[in-house]
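The lines below spell out each chain.
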Amino acid sequence: MEKERVFKYSFATVYPLYIQKAERKNRTKEEVDEIICWLTGYDIVQLEEQIDRDITLETFFNEAPQINPNSSLIKGTVCGIRVEDIQDPLMQKIRYLDKLVDELAKGKETSKILRKG
């Protein structure tokens, strides 16, 4: 099944793609890190440890200290699918991160990306 394949992607492989997407639009690695830490509850040291461990997206999100309670405020489409309508909790978290990086790359202010509720 397609989604199961996505769950097995290496976070260490996907992470530089997020950075590249942001940097192509004159955003920074630090901004991507801030978004990831906001969503997952990792601090920067924990984030770097997870990257070094070369874990799957599934493990990355399952081990996240705390998914931000305001993540439910993330709305919109990624790959033509509304993130708020995704039924699988893990897939929804993955798409939340995709959406946040998309917003960063589109020039949205970080303060608006990090939903305050």
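Note that the coordinates shown come from a computational prediction; the quantities given were computed from them, not determined experimentally.

Caption draft 1: Molecular detail of the environment of Lys-116. Topologically, Lys-116 is positioned in the segment after α7 (110–113). Lys-116 sits 47 residues away from Pro-69 along the chain, and the two C-alpha atoms are 9.8 Å apart. Excluding residues within four positions of it along the chain, Lys-116 makes contact with Asn-70 and Ser-111.

Caption draft 2: Main features of the side chain of Glu-103. Along the polypeptide, Glu-103 turns up in helix α6 (residues 89–105). Within the structure, the side chain of Glu-103 is placed 2.7 Å from the side chain of Arg-115, a separation counted as a polar contact. When near neighbours in sequence (up to four residues on either side) are disregarded, Glu-103 contacts Lys-75, Lys-108, Ile-113 and Arg-115.

Caption draft 3: Local environment of helix α3 (residues 29–40). For α3, built from 12 residues, the straight-helix expectation of 16 Å at 1.5 Å per residue is met to within 8% by its first-to-last C-alpha distance of 16 Å. The element α3 is extensively covered by neighbouring structure, given that nine of its 12 residues are classed as buried. Turning to α3, its buried residues are Glu-31, Val-32, Asp-33, Ile-35, Ile-36, Cys-37, Trp-38, Leu-39 and Thr-40. Summarising the contacts, the buried residues of α3 are in contact with α2 (11–24), α4 (44–53), α5 (57–62), α6 and α7. After α3 finishes, the residue Gly-41 shows a positive phi value of roughly 85°.

Cut-off values and rules
- Residues numbered from 1 in each chain as written.
- Predicted model: local features only at pLDDT ≥ 70, side-chain atom pairs only at ≥ 80, totals over all residues.
- Heavy atoms only, no water.
- Helix = DSSP H or I, 4+ residues; strand = E, 2+ residues; numbered from the N terminus.
- Contact = heavy atoms within 4.5 Å.
- Polar contact = N/O pair within 3.5 Å; in protein donor to acceptor, adjacent residues only side chain to side chain.
- Expected span 1.5 Å × (residues − 1).
- Buried < 20%, exposed > 50% of the residue type's maximum accessible area, 1.4 Å probe, protein only.

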